[in-house]
Amino acid sequence: MSRLDLHLHTTHSDGSCSPTDVIERAHQAGVTTLAITDHDIMTGVPEAITAGLHRGIEVIPGLEISSSVGDSELHILGYFLDWQDEELNRRLMTLRESRHRRNPMIIERLQALGIEITYEEVRLLAGTDAVGRPHIARALMNKGVVSSAKDAFDRFLADGKPAYVPRELPTPAEAISWIKAGQGLAVLAHPTWVRVVDRSLGEMVRALKEDGLDGVEVYYSTHNPRQTREYLSLAQQLGLLATGGSDFHGLTKPDIEVGIGKGTLHVASSLLPKLKQAAGRA
Ligand code: AMP
Ligand code: FE
Ligand code: FE
Ligand code: ZN
């Protein structure tokens, strides 16, 4: 059965599998087209394209940018981007710099809690410039301080926990405009994680559409059937594209597999022509 997976992380951000490993897993799952969507970086794309050629898997260059409005974080996916685009890469560099300002503060908090850890060792372990909390979680696991990434987030790293430090994030409109400037499609990631406070999800997505949003990630590893129906109908009402993906991270989210999510995810390849048409690549 031919399927898509348009949301995948690799070792180039906070995933634990290389782009080549991700392609192998996609091949096992029967995925025919995928998108590499690392956080704030696109350096994983060329390796995925090369590995994809061997397996007959089409690779869409993508990325994921975290943005914030008020207290809620919105993640914006970008697709059909030029991974060598200078302007976009400059923007992404500023996002990674904000990570390097934040992470040492998280480390200081962990140290104040009596944990022996340095940012240097986390950077070394991460092996990428897009260093995130999952890398800190992995360092804590290696030291035996926590039993899993989830344990690390639950006890220290999640919003509201003792080592949490917020990061300066762009607005959704900024994230969308950077993707559009790179001729890409901008898609709202995993609406299930969006916390809406003073308005409905529909009103928020309508506003995002005015900012240039092209689509909604309707199909997602942790969307239940009711949510999938709700987000599909929202996308249809607003004339937005429907996309889907697993958000595979390897060990950071060990229960999620490429292509099938928690086992029941199916992103139909029939969605692809509309996406390509919208991106001008029909
Ligand atoms: P950061 O980009 O440094 O703010 O870290 C956010 C990333 O951490 C997300 O994109 C997820 O990959 C991961 N993450 C967030 N919450 C959890 C959690 N509870 N368990 C495991 N990973 C998480
Ligand atoms: Fe992540
Ligand atoms: Fe996300
Ligand atoms: Zn993601």
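Analysis parameters
- Numbers given to residues run from 1 along each chain, matching the order in which its sequence is written.
- Both sets of labels track the order of writing: A upward for chains, 1 upward for ligands.
- For a predicted model such as this one, the threshold for reporting local features is a pLDDT of at least 70, and the threshold for listing and counting side-chain atom pairs is 80 or more; totals across whole chains, interfaces and linings nevertheless cover every residue.
- Hydrogens are left out, water is left out, and the side-chain values use all remaining heavy atoms of the structure.
- Residue burial is assigned from relative accessible area. The probe radius is 1.4 Å, only protein chains are included, and a residue is buried under 20% of its type maximum, exposed over 50%, and partly exposed in between.
- Secondary structure elements are defined from DSSP: runs of H or I of at least 4 residues count as helices, runs of E of at least 2 residues count as strands, and each element is numbered from the N terminus.
- The arc refers to the directions leading from the helix axis to the C-beta atoms.
- Residue contacts are counted whenever heavy atoms from the two residues lie within 4.5 Å of one another.
- Any N, O or S atom lying within 2.8 Å of the metal counts as a donor, and for Na, K and Ca the limit rises to 3.2 Å; water is left out, so some sites can look incomplete.
- Being near a molecule or strand, for a residue, means having at least one of its heavy atoms within 4 Å of it.
- N or O atoms within 3.5 Å of each other form a polar contact, as long as, within protein, one can give a hydrogen and the other can take it, and as long as residues adjacent in sequence are counted only when both atoms are side-chain atoms.
- Two strands pair if DSSP finds at least two bridges between them.
- Only the stretch in contact is used when fitting a helix axis, every axis being a line fitted to C-alpha atoms; angles between N-to-C directions are given from 0 to 180 degrees.

1. Quick look at helix H6 (residues 149-157)
- All buried positions along H6 are accounted for by Ala-149, Asp-151, Ala-152, Phe-156 and Leu-157. Each buried residue of H6 sits inside an arc of 150° when the element is viewed along its axis, so together they form one side.
- Residues of H6 that are buried make contact with helix H3 (86-112) and helix H5 (133-142).

2. A short note on the coordination of the iron ion (ligand 3)
- Protein coordination at the iron ion (ligand 3) comes from Glu-64 (OE), His-75 (ND1) and His-190 (NE2), with a distance range of 2.0 to 2.3 Å.
- In terms of primary sequence, the donors binding the iron ion (ligand 3) are separated according to E-x10-H-x114-H.
- Between the iron ion (ligand 3) and the iron ion (ligand 2) the interatomic distance comes to 5.9 Å. With Glu-64 in strand E3 (residues 58-69) and His-190 in the loop between strand E5 (185-188) and helix H8 (201-210), this residue pair connects regions lying 126 residues apart in the sequence. In this structure, Glu-64 and His-190 share a single accessibility class: buried.

3. Details of the site of ligand 1
- The full set of residues close to ligand 1 is Asp-14, His-39, Arg-99, Arg-102, Gly-132, Arg-133, Pro-134, Phe-153, His-249, Thr-252 and Lys-253.
- The contact in question runs from an oxygen atom of ligand 1 to an N or O atom on the side chain of Arg-99, over 3.0 Å.
- One of the side-chain N or O atoms of His-249 is found 2.9 Å from an oxygen atom in ligand 1.
- Mapped by element, the contributors of at least two residues to the shell around ligand 1 are H3 and H5.

4. Examining the sheet that holds strand E1 (residues 3-8)
- The strand order E7-E6-E5-E4-E3-E2-E1-E8 describes an open sheet built from eight strands, whose pairing is mixed. The open sheet has two free edges, formed respectively by strand E7 (241-245) and strand E8 (267-268), since each of these has just one partner strand.
- Both E1 and strand E2 (residues 31-36) contribute to a ladder of four bridges, which runs parallel. By the bridge assignment for E2, Arg-3 is matched with Val-31.
- The strands touched by helix H2 (residues 45-55) within the sheet are E2 and E3, with E3 carrying the most contacts at an inclination of about 150°.
- Helix-sheet contacts for H8 involve E3, strand E4 (72-79), E5 and strand E6 (215-220), and the interaxial angle to E4 is about 45°.

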